[in-house]
Amino acid sequence: MTEIGSDVQRAARILKSGGIVAVPTETVYGLAANAFDEKAVTKIFKAKNRPAFDPLIVHVADDASLASVAAEIPEAAHKLRRHFGPGPLTLVLPKTAQVPDLVTSGLPHVAVRTPNHPAAAELLGMLTFPLAAPSANPFGYVSPVTAAHVAAQLGGSIDYILDGGRCTVGIESTIVAFTDRPKILRLGGLSQEAIEAVIGPVEVAAESSANPAAPGMLTAHYATKKPLVIGHIPTLLKAHNERSPAVLGFTSNYGTAGEILSKSGDPDEAARNLFAAMRRLDESNAGIILAEFLPESGLGRAVNDRLRRAGADRKL
Ligand code: TXA
Ligand code: MG
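About the criteria used
Residues numbered from 1 in each chain as written. Chains lettered and ligands numbered in written order. Predicted model: local features only at pLDDT ≥ 70, side-chain atom pairs only at ≥ 80, totals over all residues. Heavy atoms only, no water. Near = heavy atom within 4 Å. Polar contact = N/O pair within 3.5 Å; in protein donor to acceptor, adjacent residues only side chain to side chain. Areas by Shrake-Rupley, 256 points an atom, 1.4 Å probe, with all protein chains shown as cover. Helix = DSSP H or I, 4+ residues; strand = E, 2+ residues; numbered from the N terminus. Nonpolar A, V, L, I, M, F, W, Y, C, P; charged D, E, K, R; others polar. Domains from an automatic or database assignment. Contact = heavy atoms within 4.5 Å. Buried area = accessible area lost by both parts, 1.4 Å probe. Salt bridge = Lys/Arg side-chain N within 4 Å of Asp/Glu carboxyl O. Pairing = 2+ DSSP bridges. Axes fitted to C-alpha atoms, helices over the stretch in contact; angles between N-to-C directions.

What follows covers the site of ligand 1. Around ligand 1 lies a shell of 28 residues, among which Thr27, Asp54, His59, Ser135 and Ser173 are the nearest. One nitrogen or oxygen atom from the side chain of Thr27 is found 2.7 Å from an oxygen atom belonging to ligand 1. At a separation of 3.0 Å, a nitrogen atom of ligand 1 approaches a polar backbone atom of His109. For ligand 1, whose free accessible area comes to 680 Å², the fraction covered by protein is 97%. Elements that contribute at least two residues to the shell around ligand 1 include exactly strand 4 (57-59), strand 6 (109-113) and strand 10 (183-186). By residue number, the principal contributor to the shell around ligand 1 is strand 6, which donates four residues. Residue classes in the shell around ligand 1 are distributed as 16 nonpolar, seven polar and five charged.

As structure tokens, then:
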């Protein structure tokens, strides 16, 4: 079994010698390797069973490191970083030649962010290279928000798990592309409203398409193993009564077995609790998970996006 610990120096040593380490961030845990070392990056794709067409996010310590991976940074991108970096914001920018094609799946652009987590910052500060890191889960499954989540699925196939506690944001970063006009490719831990307050109206990429701009935005992503249905929960409870349903509710569990994301109706708290709740329900005795949407504002939009994908393409 892969060791879990809080030894940042050990994590740095492993990464310097071409290994792969699970690293905490404020959003979700990432599975990291030296972004400039193709052999190390290959190990990430293998451990996650991730298809090579799905590019990785590169994590940088600061603006100097950003300049080593991004060839050009438009003013609006700078502005967003000044306001929200370090934080749950990923920018898609033209890449430098130093970034291997493997990292970007052959795209001329690189996705890059600076995480806002003390252990991640300390680790990046010890290294002379950026870290390529997708979420530390098997491809298609729910992202991990604790070290134990990582160990449950990738333990044994990675070199070390750096434990940084529970992720405080709980859903992945918001991805903004600057390949043309600014466009949100994935809603995440930074709200659309917050971004628009800084750079004005921003288009949001269509939610499900066969050829999505962010390949990880395929439908049936973030999926539980158990079927997950979204709708009006009292109606769903009646319809699926025979299948041992469990509820994934926003402010209530409707008096049945299940999870409450935020008693007070706070979408940020719901985002923080979402993936752990999905995992618990997936491991419970329930036959089917019944979920409901949050109001479509703030992080509610990003939570709804994850629910939609988890519920996609399921036969009822
Ligand atoms: O919060 C996060 O973003 C976490 C933490 C670990 O930083 N990372 C994460 O990575 O969620 P991952 O690999 O699970 O999701 C990355 C998404 C994928 O949908 C991928 O297709 C997209 O970013 N992406 C990566 N590089 C891209 C690029 N050059 N152009 C467009 N999309 C890109
Ligand atoms: Mg992921």
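Next up on the list: the domain arrangement of the chain. When the domains of the chain are assigned, the result is domain 1 (4-204) and domain 2 (228-310). Computed from C-alpha atoms alone, the centre-to-centre distance between domain 1 and domain 2 is 27 Å. Counting residues at the interface gives 24 residues for domain 1 and 15 residues for domain 2. Interface area, domain 1 with domain 2, both sides summed: about 1600 Å², of which 54% is carbon and sulfur. Among the residues of domain 1 in contact with domain 2, Val142, Ile171 and Leu187 are the three that bury the most area, contributing 31% of the side total. Run the count over domain 1 and domain 2 and you get two salt bridges. In this structure, the salt-bridge partner of Arg306 is Glu172, at a minimum N-O distance of 2.8 Å. Split into classes, the residues belonging to the side of domain 1 that touches domain 2 amount to 10 nonpolar, 10 polar and four charged.

A separate point is the sheet that holds strand 12 (residues 228-230). Taking strand neighbours across the sheet as the criterion, the four strands line up as 12-15-13-14 in an open arrangement whose pairing is parallel. Each edge of the open sheet carries a strand with a single partner, namely strand 12 and strand 14 (258-260). Taking the axes of each pair of neighbouring strands and ignoring which way they run, one obtains an average angle of 20 degrees across the sheet. Pairing between strand 13 (residues 245-249) and strand 15 (residues 288-291): four bridges, direction parallel. Its bridge partner being in strand 15, Ala246 is matched across the sheet by Ile289. Taken strand by strand, helix 10 (residues 267-283) contacts strand 12, strand 13, strand 14 and strand 15, and its axis lies near 175 degrees from that of strand 13. Most of the contacts of helix 11 (residues 299-310) go to strand 12, to which it runs at about 125 degrees, and overall it touches strand 12, strand 13 and strand 15.

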